[in-house]
Amino acid sequence: MKMTNLKSVTLAVMAAGAFASFPARAAEELVVYCNVQEEWCRPMVTAFEKATGIKVLMTRKSVGETYAQIKAEAANPKADIWWGGTGDPHLQAAEEGLTEPYKSPKLAELQPWAVKQAEAAKYRTVGVYAGALGFSYNTEELAKRKLAAPKCWADLTKADFKGEVQVANPNASGTSYNMLATLVQVMGEDKAFDYLKALHKNVNQYTKAGAAPARAVATGESMVGITFMHDAVTQVVEGAPVKVVAPCEGTGYEIGSMSIVKGAKNMANAKKWYEWALTPEAQGIAVGAKAYQVPSNKAAPTPAQAPKFAEIKLIDYDFVKYGSTAERSRLLAKWDKEVGALPK
């Protein structure tokens, strides 16, 4: 058995053991909306089912799509747990009363940024991981065209990269909304929108999923992709000719979050998932899933390949302001009108 597989199995067994005290009833169910990659959602579901005997019905979507779905289903909720995805939509859902207040006894085990996220939402969400925003490029394609390596946000608007940049649509993707809010905080709003209009000329596709551009870079479909840095690291670890960049001007970061859906039909099971997902063992499943975010539980293993926050010029991202309904809705509408509507 390969070491990575052995590690995955070990973590899954540990995760199951960590939750063995909960009673198991095969008839019990839990509906999870999962916003990380499928390769991470699946082992989480498997480990939780083994630990509890609770059958999990999981749907994987982007965080923007999930927020919209939970809002549309508010009168008759279909989901119990919303796990993963950037924190901004979780905060917006909290403000709109779409999620349930819940103060976990495990908060003392979490990183300060995870607790701060919970406090900002009046305990209607909590941080489960963190990741820095950046971009990546295909080193072979760059060499073929004899281009200088991009190091800054400003480099991505150069004519050299016309039709060579891929990024998600901020209305569908929390990653891309995080980019939009980051640029506003780094450059100021007017200059940020001027930048986004210039970048639009170089964008070959606005994807639905925030991590998709990282894969497009790995395959050479796109020379540059804007994503969270850990999504590009996954491609590097798999052997792709990819270089990951922390933009020189500074960049934002996400606090991947978890929320209980207001009116969840399986509320008791939702709280069991919530507590379990905050354990070091459950968060350690990310390592086997090749997910390189920083976990929120201080005792959870951080992958060696995870981008080092201390080496990145991180801004003091204002999660409260940019996760508010008013600001998020305003910026997305402005992006639609002033950027998304522009001809290619």
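Going by the structure above, here's the rest.
Remember, it's a predicted structure, so these values are computed and weren't measured experimentally. (Residues numbered from 1 in each chain as written. Predicted model: local features only at pLDDT ≥ 70, side-chain atom pairs only at ≥ 80, totals over all residues. Heavy atoms only, no water.)

**Student:** Kindly report on the nonpolar core, identifying the contributing residues and their values.
**Tutor:** Trp40, Trp83, Leu196, Trp273 and Trp276 are the most contacted members of the largest nonpolar core, which totals 81 residues. Once you skip the residues sitting within four places of it in the chain, leucine 196 turns out to touch Met179, Leu180, Leu183, Trp335 and Val339. Residues Val63, Ala79, Trp82 and Leu98 belong to the second largest nonpolar core, which totals 10 residues. (Core = buried A, V, L, I, M, F, W, Y, C linked by side-chain atoms within 4.5 Å. Buried < 20%, exposed > 50% of the residue type's maximum accessible area, 1.4 Å probe, protein only. Contact = heavy atoms within 4.5 Å.)

**Student:** Which residues make up the pattern of salt bridges, and what are the values?
**Tutor:** For the structure on display, the rule yields 13 salt bridges. Between glutamate 189 and arginine 330 there is a salt bridge, with the nearest N and O atoms lying 2.8 Å from each other. Highlighted residues: glutamate 189 in helix α8 (residues 189-200) and arginine 330 in helix α14 (residues 325-340), separated in sequence by 141 residues. Note on glutamate 189: relative accessible area 21%, which makes it partly exposed. Across the salt bridge formed by arginine 330 and glutamate 327, the nearest N and O atoms sit 2.9 Å from each other. Of this pair, arginine 330 and glutamate 327 both sit in helix α14, three residues apart, which is roughly one turn of that helix. Given a relative accessible area of 36%, arginine 330 falls into the partly exposed group. Salt bridges sharing common partners tie together Glu141, Lys144, Arg145 and Glu164. (Salt bridge = Lys/Arg side-chain N within 4 Å of Asp/Glu carboxyl O. Helix = DSSP H or I, 4+ residues; strand = E, 2+ residues; numbered from the N terminus.)

**Student:** Give a detailed account of helix α11 (residues 267-277), specifying residues and quantitative values.
**Tutor:** For an α-helix, the turn length of 3.6 residues means that residues three or four places apart are oriented alike. Most of α11 is tucked away, with eight of its 11 residues classed as buried. Regarding α11, the residues found buried are Asn269, Ala270, Lys272, Trp273, Tyr274, Glu275, Trp276 and Ala277.

**Student:** Got a sec to walk through the packing of aromatic side chains? Specific residues and values, please.
**Tutor:** One pass over the structure, following the stated rule, counts 14 aromatic pairs. An aromatic cluster is defined as three or more aromatic residues linked by ring pairs; in this entry it consists of Trp40, Phe48, Trp83, Tyr129, Trp273 and Trp276. Over the ring of tyrosine 177 we find arginine 328, and its NZ or CZ is 5.1 Å from the ring centre. A cation sits over an aromatic face here: lysine 334 above phenylalanine 193, 4.6 Å from the ring centre. (Phe/Tyr/Trp six-rings, centres within 6.5 Å; stacked < 30°, edge-to-face > 60°. Lys NZ or Arg CZ within 6 Å of the ring centre and 35° of its normal.)

Nothing here speaks to function; it is geometry throughout.
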